Structures are given as C-alpha cells and as structure tokens.
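Descriptive analysis of the structure
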Amino acid sequence: MSDHAGSSGESILNIQDSEDYPPSRSPSFSIVSELSVNDSVSVTSCMSHSHSISPVAKRKKNLHHPETTVDKFVIRTSRLQKEVIDEKIARFVYATNSPFHTIENPHFINMVQSLRPGYSPPNRADVAGKLLDKVYEREIEQCAKGLEGEIVNLSLDGWSNVHNDPVVCACVTTEEGNVFLTETIDTSGNAHTAEYLQEVVGKAITNCENKFKCLVRSLVTDNVANVSKMRRNLEEREESPKLITYGCSAHLMHLLAKDFGVPEIKANVVEIAKYFRNNHFASAALKKVGGTKLTLPQDVRWNSVVDCFEHYIKNWPNLMTVCEQNSEKIDGTVTAKVLNIGLKRNVEHMLSTLKPISVALNKMQGNSCFIADAVEIWKELSESLKREICNDRVKLQALKKRMGQALSPAHFLTNILNTQYQGQTLTAEEEELAMTWTSSNHPSIMPTIINFRAKGEPFKKYMFADDVLKKVTPVNWWKSLKHLDSETVEVIISLLTAVASSAGVERIFSSFGLSHSKLSNHLGPEKAGKLVFLFQIMNKQEKEAEDD
C-alpha cells in the first residue's frame, strides 16, 4: 500500500461486504482521499506494528496524539441508504418520462458513482417493477390523505393505445380543479354497449372510492349514443345516493363548430396550407417575405380549425406576394385559390362565427369550470352568435339543439345554488325545470333552496354581501353552514363540484401518448397507467413548489 501511495501520491480504495451482499448491488463504502507519502507510511506503519502495542498504551496514545484513521476518508452506503437513493433515481425516471434503460447507460452510472462512490444504481427491471409499484402505492396513499371524505367528479372516456387496444380511462376532479387518473381499463374483447359501459362505470366508482377514500357523486362523459344511453340507465337507478350524470359541454361546442362549418371552404384552406408546408420552395419563399408556418386542423384537437383559418388570414398578404412573384414555380391551382378574394372573405365570415365558439370552448375545458359556469358560458355564446346568424335558420336551430343537449335541469339548479350567479340569467322555464327536477330527485333539499332564494332564515343578510360573494367560493360558502343537515350539504356540494367537461381526461390521453409511445410499446395498460399517474402528480408537485 505504501509503495503505491508513494508512487502516485493518491489512494482510491473501494471495499464491499461480499459476505452479505452480491458485489454488484451490495451496500458499500468507498475511500476517496489524497494522502501524502508520509501519511501513507504512517498509516502502514501503524497497521504493521499495531500488534506490538498494548491496549492501555493505545488508549493513552489516542488521547494525547489522535491519529488519522481510515474512517475519515470513507463514504459508506448502508442497505437503507441504498433503498432511499434507488427510489430517488426511480422518481427521476418517472417524473421526466425517461426510458427505463437510461439508468443502465454507462454514462449515467458513471455520473451517479462520481456523486456517490461505491454506490451501484438499480437496474431497469427494478425501476419498471418493484420500485414502480412502491412509488405508485406511496403516491396513492398521499393522494388518499388529501381526498379522504371529499366529494369529487368522475370523468370517463375511451381511446386506442399504441397497440390499437381499446382503453377506458377514469379520472377524478376535485373542487380545486385538481385532476387525478384513478384507473386504466383494457376493454379488449368487449362490445361497448350501454350495459357493458354501465358495469365499467360501476366498478370504476367503487375502485376510486376504495383507493382514494373519496365520494364520487357526479359523472361526465362524451356524447356518443351508447354512452348517452349508459348515462340514462344510471339516472334511472333507484340506488342512493343518486349519481348526477351529464354530457361534456366542450365536446358539444366542438360539434357546434362543425355544424357551422362549410366543408368546401375548409378543404380549400387546407389545400393551400399543405402546399406551403410541404413544398420546400414555397415554404422558404413564404418565410423569406416574413410569413409564418401555416397550421392544419386536426379532428381530435378542438379549436384547430379556428387556428388554421387565423393563420391563413394573417399570412394572406404574404401568400399573395409569393404567388405573384413566383408564378412559374408555384402550382397554378394553389395560386388561383390564394388570389381568390371570395375565398378569403368566406374564411373571414366563418371566423366571425367560429371565433366566439373557440373562446367559449377554451373557457369550458378548464379543470375549474363547473356546470354552474357552463350555463353562463352557453348563454353568453348564444347571445353573441345570434347577432351574427340572426337570419340563418339552420344555424340557429343547430345552436338550440346543442344547448339543449348540454344544459340539463341539474345545470340550472347548480346555477341557482352558485352564490355568484344565483340563477339571475335563467328564464322562468329553466327555473321551473330546475325545481321540478329537485322535487323528483332530491325532495329533502327543497325547503333549503326556497329559503336560499328568498334570502330568509337560516341565511343571514351579511352572507350575501358583495365582498363575501366575491371572495368566498360557492363550495366554502355552503360548507360554512353548520346548521344544515349533512344530506342537504352533500347534494349541494355534489352539484357545485360537477365539472363542465371531460377535457381533464382528454389531457391525460396526451400524457399517455408520451408514456406509451412507439418506443415504449412493450408497456401494458396497467403499467402505462401507473407511469402517467406518477408523471402528472410529480410534475404537479414540482409546479406547486415553484409557485410557492
């Protein structure tokens, strides 16, 4: 040892306890130090002659002349410390959506061992298996603590994964607008009938309430025929408490935009956009004159048609310039469409009706937009559109149809109970629908609603002060009424926490596309669901920490 130290002036010693652990994964300690030649000789001499010094003499010597010991230069990693570090590395993988094989990359291992000499990171099998289960269960427990006893909304929607397997996702939304993925269900081999979907919803609600200790009291889904029938079946059940079910308002606004669209105009704009995106010369020429890249509409992305039209109108002067200056190089059909003033005016006219829908849809798909807000957004949109389409009977009929599909008596009742709205924009017919629905489904809360609307006992005048209504959320306002019976409060909170759309679960599908991609196609639905849950919850925690 002294010879080595004397030649290099440095000693790096890694020692592993081979009796208890395998060499590759054992808790270990490492010595990383710079020793002079004299230090090395001193340590070596001490080691070689220690047998000749009596125990008493050793103690006296240590008291008066403390020697440099090996422990001073050791980094020990116990079994418990290794477990903690393993979990932190696994969390890094889940939070960044990194491939599992990242941790077996030699450069990654080198980096980790530079930070913690002697430590060996976990392998990919552990990160994809036992560590994933451990971290997932721990985060579920943390979520359950926050959701215990809370009334939540359940959103349900389906999609096809990278293997084209039909998958149904269930997620809950809290009164604060926080969204949590609760379950990923592989429905392969089952026809999506209303009856089958009813069973899926029943199991999803039971599993959610058991896992998160919360109370599911409302359900929002898309508006396809089989799902709408499933919702009607759930409403007709005699079970208590009754589940509030309704269709996604954001989806219905997207369908309204399609009702207002003119396919021929959209097709012409798409043809121009594709040409200037895919033709290298045209794309470069457009960029040279100061134009921006044109966008294409996507059926699965709401508002993408409006984005496409807006980019076309914004770039139209530049498109004209390119076509006029390069008439021999630009396709003649495309040039004719660009120079067609009538097409431009038609696009502008379509935008005048689609833009208000786009603005309303963006409001509607927020996680903190509830069905009481949906009533106000639909009514505001209706007034705006009627000014634009006052003479178009077909479009007026389409608007009436979509509003009728979106707004149920439960929406109107919630708008009445919302302390910020109090049903002020409702018609007499809508108020009657709300009260009739309440009488049939929740007769016990009728006296409370009537007294609330009259601002009589037990409601105090100061509770309706403008400052109070602005600064206190409707849910907290009703929770503060301790004298009301628990059944009444539960029904009212169930209504007030019902979100307007299923956009939250749509955003989860986007996360699924990142986790369960073509590069990670070996993942099953259950494991992919765990990764998506952890990816969302960990990045949400990071964002909250940054905000604090």
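First, a word on what this report is: a plain description of the structure on this page. By convention here, each chain's residues receive numbers from 1 onward along its written sequence. Where totals are concerned, whole chains, interfaces and linings use all residues; where local detail is concerned, this predicted model gives features only for residues with pLDDT of at least 70, and gives and counts side-chain atom pairs only at 80 or more. The side-chain numbers reported here are obtained from all heavy atoms of the structure, hydrogens and water having been left aside.

**Observations concerning the packing of aromatic side chains**
- Two aromatic rings, drawn from Phe, Tyr or Trp (for Trp, its six-membered ring), form a pair once their centres lie within 6.5 Å of each other, and the interplanar angle then sorts them: stacked below 30 degrees, edge-to-face above 60, tilted otherwise. All told, the structure shown has 11 aromatic pairs when counted by the stated rule.
- Judged by centre distance (5.7 Å) and plane angle (70°), the ring pair of F452 and F459 falls under edge-to-face. You'll find F452 and F459 in the same group, each marked buried.
- Note on F459 and W477: the rings are 5.9 Å apart at their centroids and 10° apart in plane angle, and the pair reads as stacked. Here W477 lies in helix α22 (residues 474-479) and F459 lies in the loop between α20 (446-454) and α21 (466-471), a separation of 18 residues in the sequence. Pair check on accessibility: F459 and W477 agree, each one buried.
- Among the aromatic residues, those joined into a cluster by ring pairs are F452, F459, F464, W477 and W478.
- Note that K344 overlies the ring of W316, its terminal NZ or CZ placed 4.9 Å from the centroid. Only protein chains enter the accessibility calculation, which uses a 1.4 Å probe; a residue is then buried when its area is under 20% of its type maximum, exposed when over 50%, and partly exposed in between. A run of H or I in DSSP counts as a helix once it spans at least four residues, and a run of E counts as a strand once it spans at least two, with each numbered from the N terminus. By the criterion adopted, a ring carries a charge over it if an Arg CZ or a Lys NZ lies within 6 Å of its centre and within 35 degrees of its normal.

**Side note on the side chain of N153**
- Relative to the elements of secondary structure, N153 occurs in strand β4 (residues 151-160).
- If we ignore the near neighbours within four places in the chain, the residues touching N153 are C171, V172, T173, S218, L219, V220, Y246, T497, A498 and V499. Throughout, a contact is declared for two residues whenever any of their heavy atoms are within 4.5 Å.

**Digging into the environment of L484**
- With respect to the element layout, L484 can be found in the loop between α22 and α23 (486-496).
- Under the relative-accessibility criterion, L484 is labelled buried at 13%.
- In sequence terms L484 and T448 are 36 residues apart; their C-alpha atoms lie 8.5 Å from each other.
- For L484, the residues in contact, after removing those within four places along its chain, are T448, W478 and V489.

**Some thoughts on helix α4 (residues 79-96)**
- Over its 18 residues, α4 extends 26 Å from the first C-alpha to the last, a length consistent with the 26 Å expected when each residue adds 1.5 Å.
- When α4 is considered as a whole, its buried residues turn out to be K82, D86, E87, I89, A90, V93, Y94 and A95. Here the expected length of a helix is defined as 1.5 Å per residue gap, with one fewer gap than residues.

**Comments concerning unusual backbone geometry**
- Note the cis peptide between E457 and P458, where omega equals 10°.
- Summarising the element assignment, P458 is placed in the loop between α20 and α21.
- A positive phi angle is found at K213, which is not glycine, with a value near 60°.
- With phi around 55°, Q422 is a residue other than glycine that occupies positive phi space.
- Relative to the helices and strands, Q422 is located in the loop between α18 (409-417) and α19 (428-441).

**Quick look at the sheet that holds strand β7 (residues 215-221)**
- Any two strands with at least two DSSP bridges between them are considered paired. Pairing in this open sheet of five strands is mixed, and the strands run β6-β5-β4-β7-β8 from one edge to the other. The open sheet has two free edges, formed respectively by β6 (179-186) and β8 (244-247), since each of these has just one partner strand. The mean inter-strand angle of the sheet, taken between neighbouring strand axes irrespective of direction, is 25°.
- Whenever a helix is involved, its axis is fitted only over the stretch in contact; in every case the axis is a line through C-alpha atoms, and angles between N-to-C directions fall within 0 to 180 degrees. Most of the contacts of helix α8 (residues 194-212) go to β6, to which it runs at about 135°, and overall it touches β4, β5 (166-173), β6 and β7.

Shape descriptors only; they carry no functional weight alone.
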